[in-house]
Structures are given as structure tokens and as C-alpha cells.
Amino acid sequence: MNFIDKQSLFKSLLATFTATIIFPFAFTDVQAENTSTLKTIEQPSDGEKRVIVTYKNNLTKTAKSKIENVGEVQEKFKNVNAVSLEVSDSELNKLQQDPNVTSVEKDSLVKISSYESQVIPYGINTLNGTKSWESGLTGKGIKVAIIDSGISPHSDIDISGGKSFVDYTTSYNDDNGHGTHVAGIVSAENNSFGVVGIAPDSNIYALKALDSEGVGYNSDIIKAIDWSIENHMDIINMSLGGADQSYAFQQAIDKAYNSGILIVAAAGNESSPVDYPAKYNNVIAVSATDPSNQLAYFSNRGPEIEVSAPGVNVISTYLGNSYASMDGTSMASPYVAGVLALYKQEYPDLTPTEIRNLLHQNVIDLGPIGRDSNYGYGLVQAPVANNLKAPPFLQASEVTATSSTLSWEPSNNATSYKLTRNGTTIYEGTNTHYTDNSLTPHTYYQYKIYAVNEVGTSQLPATTAIISYPLTPVAPSNFRATNVSGNSVTLNWNQTENATFYELKRNGATIYKGNSLSFTDTGVKSNTAYRYQVYAGNYGSSGNPSEANVTTASNTPLNAYTFSTYGTYKRGSSVLIGVYSRYNGNVEVPWARFDIVIKSPSGTVYKNTHYTNQNGVYTISLPTSWRSTVGKYNISVLMSKSGFLTTSKSASFYVN
């Protein structure tokens with residue numbers, strides 16, 4: 001579908017459009033570069049007119065010859081689908097009726113002019129353009145893609161290249177006028193005639209995606225964006241818009257932005273919500289202001305508006321090597337694109353997001369304080385280059401819950417420094433350090449340090465960030481020892497506010513660090529005194545400890561009993577072996593571990609680990625065979641149990 005409705009072309013894109021030349025001085029046609037003498041141009045005979053005839057692309061030689069034979073050929077062009085003819089009134093009428101002729105325009109005369117003939121549009125001074133030029137920023141080397149109706153050849157514009165994406169011509173020449181006007185706002189040359197653009201030395205590329213009526217398909221504009229990515233454009237300007245959202249269009253914009261291209265678009269001119277593509281997040285939406293820095297009555301508005309720029313009575317280049325005044329956010333958008341070219345020249349290594357942030361920080365705030373739906377952050381301002389750089393190094397040290405010390409290295413040419421915390425200035429002076437004592441515990445802070453001198457403030461700061469420490473936690477409460485035995489102690493404590501970990505020490509040595517509220521120490525000896533301390537801490541600090549003194553219990557001897565049912569067994573019978581765990585005579589010790597080994601005269605015949613049952617008993621049946629070794633068999637048992645002293649026992653039996 002059409003990207004812009006044909007019936008609302010100049011209503012939706014340009015607001016009001018005036019094709020008249022409104023220079024405050026008179027000249028026959030176009031002003032050209034100053035020379036010492038007038039250029040001699042042959043005048044047509046009485047009744048004859050000299051015209052430039054533009055014809056459709058891909059015409060046959062016969063069709064071209066038919067056009068050229070209407071009048072007397074004056075000039076032919078290699079790269080332009082046009083011819084200069086001298087014609088009579090009747091011949092002129094014949095050309096105008098030819099369906100293969102795109103346009104017939106006067107072959108205008110060119111004359112010299114003085115330096116004073118060049119007009120500097122009011123928008124240049126409004127946006128701080130002349131000061132930016134004086135500092136050396138003119139957009140030199142920056143590539144700006146103008147996705148529009150093309151750009152017409154003009155003595156005040158140097159077109160670096162381009163491409164047509166419409167289906168009826170391969171030429172990127174402008175057959176509408178809108179694209180030529182937009183291009184001049186960005187980069188009309190700073191010479192001795194005509195007008196001058198905000199970034200006069202930038203490289204302009206004509207991407208024709210709109211036809212002679214200013215209408216284009218989404219797909220053609222997407223192709224132009226794709227071309228911009230492939231050809232490494234720095235900035236894309238789209239002085240166009242519509243109400244329909246397109247997923248494919250948004251994907252193309254996001255891809256371009258992520259590849260490092262800044263994208264600017266007109267907000268629209270219906271005094272209504274912002275149009276697409278300006279509405280997309282990765283596009284800088286621009287509203288229009290008048291010469292009094294008031295919002296133009298026609299300008300769209302909404303929360304997507306990012307910045308504003310002049311869009312009323314904007315003089316710029318136009319078709320036929322002429323100039324015109326036009327209104328609309330279409331004019332405001334290229335002013336912003338040109339200002340971005342100046343920023344890109346000054347800060348070539350910054351990302352699109354970083355340059356946008358600089359753009360926001362250096363506006364003239366119009367309307368309500370801060371960003372608003374009419375002006376966005378405010379009226380854009382061109383950067384002023386200087387050699388003042390931010391301090392090369394900023395660091396935060398001695399961070400606590402409520403304070404931090406900032407220090408930085410001196411910056412060349414700086415007479416003082418400005419330190420901000422989360423965007424608010426907290427220090428201005430000549431020192432290279434500052435202690436900030438106004439922090440809230442456990443809070444994120446970003447610090448920026450700027451260099452300052454009589455010229456101004458460094459555009460880019462040195463930056464660092466911290467998170468202030470949480471408050472120091474108090475000692476854990478209810479610290480206690482439970483389940484004290486001869487070889488283990490279990491410690492417990494309550495949760496503590498502001499603590500992210502706990503550290504447990506035994507006699508000054510750390511035995512545990514983590515977020516648990518209990519720990520069992522198995523590295524103790526029986527009948528021994530220990531001093532335990534538990535600290536509550538976080539990544540900033542640890543508080544005082546809670547203490548507990550513990551003496552482990554004396555271990556009770558563990559008695560192990562083992563025997564076989566009989567002292568002698570015949571080969572082939574089973575040997576029954578019993579193991580008992582007891583203490584204090586005959587008190588059962590359940591679940592005692594024992595390691596048992598049974599050896600015959602020829603070697604080990606059984607080896608394993610078992611646990612006695614709940615009654616402190618375990619029985620083993622060891623089968624023998626007629627081939628079993630004859631002789632004495634020895635039984636060895638090593639028994640252990642937490643809280644008891646380990647013991648060993650032995651027994652024996654015979655096999656014959």
C-alpha cells in the first residue's frame with residue numbers, strides 16, 4: 001500500500017508549502033559562485049526559449065530523437081535523462097503534450113553575486129550553527145542518507161551518490177521538490193550564494209523512495225534503509241510519515257540503529273499523535289518550531305517527541321536550481337539530522353545511543369521543565385568543539401553505607417571540575433578529589449566528572465558507578481551450642497537484618513562462612529574447651545560477634561563383642577559369627593559401625609563394613625566348602641560410633 005496518501009501529501013508531510021522565492025534581494029534566476037566577470041551565455045533569439053527537457057527513463061533512441069528534434073539541441077547529458085533545447089512557443093507546447101516528457105523547465109541563466117548574497121536561514125543561528133562552524137564542526141566526512149523524493153541537481157548542493165528505489169526510473173533526481181528542499185537544509189554549501197545548510201560539508205546521498213507526488217511504498221523505504229546499512233551511512237533522515245505501523249519497517253530501523261546509524265524522522269503535521277516511523281523507539285522524532293521558538297500549530301505531538309527544530313518559513317534549495325520557503329516537520333527533521341552530523345564529526349566513536357544522550361543534554365528546554373510532548377527534551381543545539389577533554393580517570397574508593405571518596409586525574413586546559421551524582425551537581429571546584437557523605441545505604445550511584453575552563457564544559461565526562469554498602473549488621477542473637485558430644489558440636493543462631501552471610505570461628509579460625517543459621521563442627525576433640533564466635537556480615541562490613549564457650553563431652557568406651565557359635569567347624573559347614581555393640585557393661589549401642597576381617601591360614605576370606613541393628617547386634621553366616629583351608633581362622637573387628645571411643649576386638653575358630 002502507499003506509504004503516504006497522495007491526497008494528503010503536503011498536508012501530512014509539509015503542512016504548508018510555498019514555492020515562491022523569498023530572498024530579500026533580487027536576482028534573475030540562481031546565484032552562483034563569485035567570479036570577477038560575468039559568465040557569457042548565448043541568449044535565444046526573439047520568440048525562442050531555451051528549456052531543459054527531462055524525459056522518462058529507458059526510452060528508445062527513436063523516442064529520444066523525437067523529443068530532441070522538436071527544437072534546436074543546445075546540450076546533451078551523459079548521466080541525466082534530459083536535453084537542453086531552444087524552442088518556439090508552439091514547440092514548447094508540443095513538448096508539454098508529449099507523454100514521454102517528464103518535465104519542461106526554463107534553462108535558467110546564472111550570474112555572479114557578491115558574498116553578501118548568501119542567506120543564512122534563521123534556523124542556523126537558532127540552533128547555534130555558526131558557533132559550531134567557527135569551532136571547526138561542519139559535518140565533514142559524515143554520510144547522511146536522505147530517504148525522500150530524490151535530490152535534484154543544484155549548484156548549491158554536492159550530491160555524493162544515491163539510488164532510486166521507485167519502479168519508474170533508475171535516476172535519483174527529484175521530480176517533486178521535497179527531497180531537494182530537505183537536502184539543502186542539511187548540507188547546502190557554505191559559499192557566496194544561495195543558502196547554507198546546518199552541516200554544509202556533510203556527504204549527502206539521495207535515496208529516492210517517493211515518487212513525483214511524494215508517495216512511496218513501505219517496501220521501497222525499507223530497501224533504502226537496507227542500502228544505507230550496506231553503504232555504511234552515519235545518519236538517515238526521513239521527512240515522511242503515516243499512521244500505519246509496520247513490523248517489517250520497524251525491523252529495518254532496528255537493524256540500521258544496531259549497526260550504528262542514527263535515524264531521524266518528522267513527527268507529522270496534523271496537530272495529532274506522532275506518525276510512524278518517528279514513533280519507533282530507535283527513531284528520533286522531531287517536532288517543528290516557528291521563528292519565535294514556539295511549537296508550530298500544525299506539528300504533531302506526543303510522548304515520542306524527542307527534540308524540536310525550526311520548521312516554519314524555512315528557506316532551502318528547490319527544483320530548477322532555485323530556492324523556496326516551506327513549512328513542516330519535514331523541514332525540522334533535516335535540521336536535527338544536520339546537527340547530528342556535527343556531533344558525529346566531533347565524537348566519531350560514540351554509539352547512536354551515546355550521541356542521542358548528548359543531544360538531549362545540550363538542548364534549550366522549551367515548554368514545561370524536562371521532556372514534554374510538544375518539544376521533547378527541547379530545541380536542539382549544535383555542538384561547539386574544543387580541546388577540553390574530561391579527566392582521563394575517575395574512581396570511587398573508601399565506599400561505606402553512607403559515604404564514598406571520588407578522585408580523578410587532572411585534565412589538560414581545565415581550570416576547575418564539576419562532579420555530578422545521578423545527574424545532580426554535588427561539587428564544583430579545583431580539587432581532584434571529593435568525599436560524598438550523603439549516600440543512602442545499599443543504593444546505586446553514578447558519578448560523572450567534567451573538566452571546565454573559560455571556553456565551557458567538556459561534552460563527555462569520565463564516569464564511574466558504585467552501590468553503597470548496606471548498614472553494618474548487628475551481632476546474631478540467640479547464639480547457642482546444641483548436641484554437644486565428645487567429637488561434635490552443633491551451633492545455632494537467629495537471622496540478622498542486613499546480613500547476607502554469617503562467619504563462624506572456633507578459637508579464632510574460620511570454620512564456616514555462608515548463609516545458613518546452623519553448623520555442626522565435627523573437628524573437635526573430647527573433653528576439650530572451645531570458644532566459638534559468629535559474625536553477621538555483608539559485602540560492605542561485618543559487625544561484632546556473638547560468642548559461646550563449649551566443652552565437649554568425655555567419650556564413653558564402646559565395647560565390641562565378637563565370637564563364633566562353635567570353636568571348630570568341619571569343612572562344608574557354615575560358620576556363624578555374632579558382633580555386639582555395648583557400653584557400660586551390657587547397654588545396647590544401636591547402629592554402631594564395624595569393619596570386620598576374617599583370615600584363614602592362606603589369606604583373607606571375608607572383609608566388609610556393617611552396622612549393628614537397633615538392638616546392637618549383627619550376625620554373619622560364613623559358608624565353608626570341602627576345599628576350604630584347614631586350620632585356625634582369625635576374626636578382627638574395629639567398631640566406632642559418634643560420641644564413643646573406638647574399640648577393636650578379635651576372636652578365632654578352627655576348620656578341619
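Up top is the structure these notes are about.
The shown structure was predicted, so the numbers you read here are calculated from the model rather than taken from an experiment. (Residues numbered from 1 in each chain as written. Predicted model: local features only at pLDDT ≥ 70, side-chain atom pairs only at ≥ 80, totals over all residues. Heavy atoms only, no water.)

1. Considering the overall build of the protein chain
Consideration 1: When its secondary structure is counted, the protein chain shows ten helices and 41 strands.
Consideration 2: On C-alpha atoms alone, the protein chain measures out to a radius of gyration of 45 Å, which is more than a quarter above the 26 Å that the 2.2 N^0.38 rule sets for 656 residues.
Consideration 3: Here the C-alpha coordinates of the protein chain stretch approximately 150 × 70 × 45 Å along the principal axes.
Consideration 4: For the protein chain, the centre of its 46 positive side-chain charges and the centre of its 55 negative side-chain charges are spaced 24 Å apart. (Helix = DSSP H or I, 4+ residues; strand = E, 2+ residues; numbered from the N terminus. Rg over C-alpha atoms; globule rule 2.2 N^0.38 Å. Lys, Arg positive; Asp, Glu negative; His and termini not counted. Charge placed at Lys NZ, Arg CZ, Asp CG, Glu CD.)

2. Remarks on the nonpolar core
Consideration 1: Among the nonpolar cores identified, the biggest contains 56 residues, and Ile-235, Val-336, Leu-340 and Leu-359 are the most heavily contacted of them.
Consideration 2: A total of ten residues in this core trace back to one element, the largest contributor, which is helix α9 (residues 329–346).
Consideration 3: With residues near it in sequence (within four places) discarded, Leu-340 still touches Ile-235, Leu-262, Val-264, Ile-284, Ile-355 and Leu-359.
Consideration 4: Ile-225, Trp-227, Met-238 and Ala-252 belong to the second-largest nonpolar core, a separate cluster that totals 32 residues. (Core = buried A, V, L, I, M, F, W, Y, C linked by side-chain atoms within 4.5 Å. Buried < 20%, exposed > 50% of the residue type's maximum accessible area, 1.4 Å probe, protein only. Contact = heavy atoms within 4.5 Å.)

3. A word on the environment of Thr-430
Consideration 1: Position of Thr-430 relative to the elements: it lies in the loop between β20 (424–429) and β21 (433–436).
Consideration 2: Residues Thr-430 and Lys-389, spaced 41 residues apart in sequence, show a C-alpha to C-alpha distance of 15 Å.
Consideration 3: Once residues within four sequence positions are removed from consideration, Thr-430 is found in contact with Thr-415, Ser-416 and Tyr-417.

4. A closer look at the packing of aromatic side chains
Note on aromatic pairs: each is described by the distance of the centres and the angle between the planes.
Consideration 1: Scanning all chains against the criterion turns up 18 aromatic pairs.
Consideration 2: Ring centres of Tyr-469 and Tyr-539 lie 5.5 Å apart, and the angle between their planes is 80°; on these two criteria the pair is classed as edge-to-face. Within this pair, whereas Tyr-469 is found in the loop between β23 (462–467) and β24 (480–482), its partner Tyr-539 is found in the loop between β29 (529–537) and β30 (546–551), the two being separated by 70 residues in sequence.
Consideration 3: Taken together, the ring pairs connect Trp-408, Tyr-417, Tyr-427 and Tyr-434 into an aromatic cluster.
Consideration 4: The aromatic ring of Phe-501 is capped on one face by Lys-513, whose charged end is 4.7 Å from the ring centroid. (Phe/Tyr/Trp six-rings, centres within 6.5 Å; stacked < 30°, edge-to-face > 60°. Lys NZ or Arg CZ within 6 Å of the ring centre and 35° of its normal.)

5. Observations concerning the sheet that holds strand β5 (residues 82–87)
Consideration 1: Strand order in the open sheet made by the four strands is β4-β5-β3-β6, with antiparallel pairing throughout. Edge positions in the open sheet fall to β4 (72–76) and β6 (101–106), since each of these has one partner strand only. Between one strand axis and the next, the sheet turns by 30° as a mean value, whatever way the strands run.
Consideration 2: As paired elements, β4 and β5 share four bridges and run antiparallel to each other. The residue bridging Glu-72 from the neighbouring strand is Glu-86, located in β5.
Consideration 3: Sheet strands touched by helix α3 (residues 89–97): β3 (49–55), β5 and β6. Its angle to β5, the strand with the most contacts, is close to 150°. (Pairing = 2+ DSSP bridges. Axes fitted to C-alpha atoms, helices over the stretch in contact; angles between N-to-C directions.)

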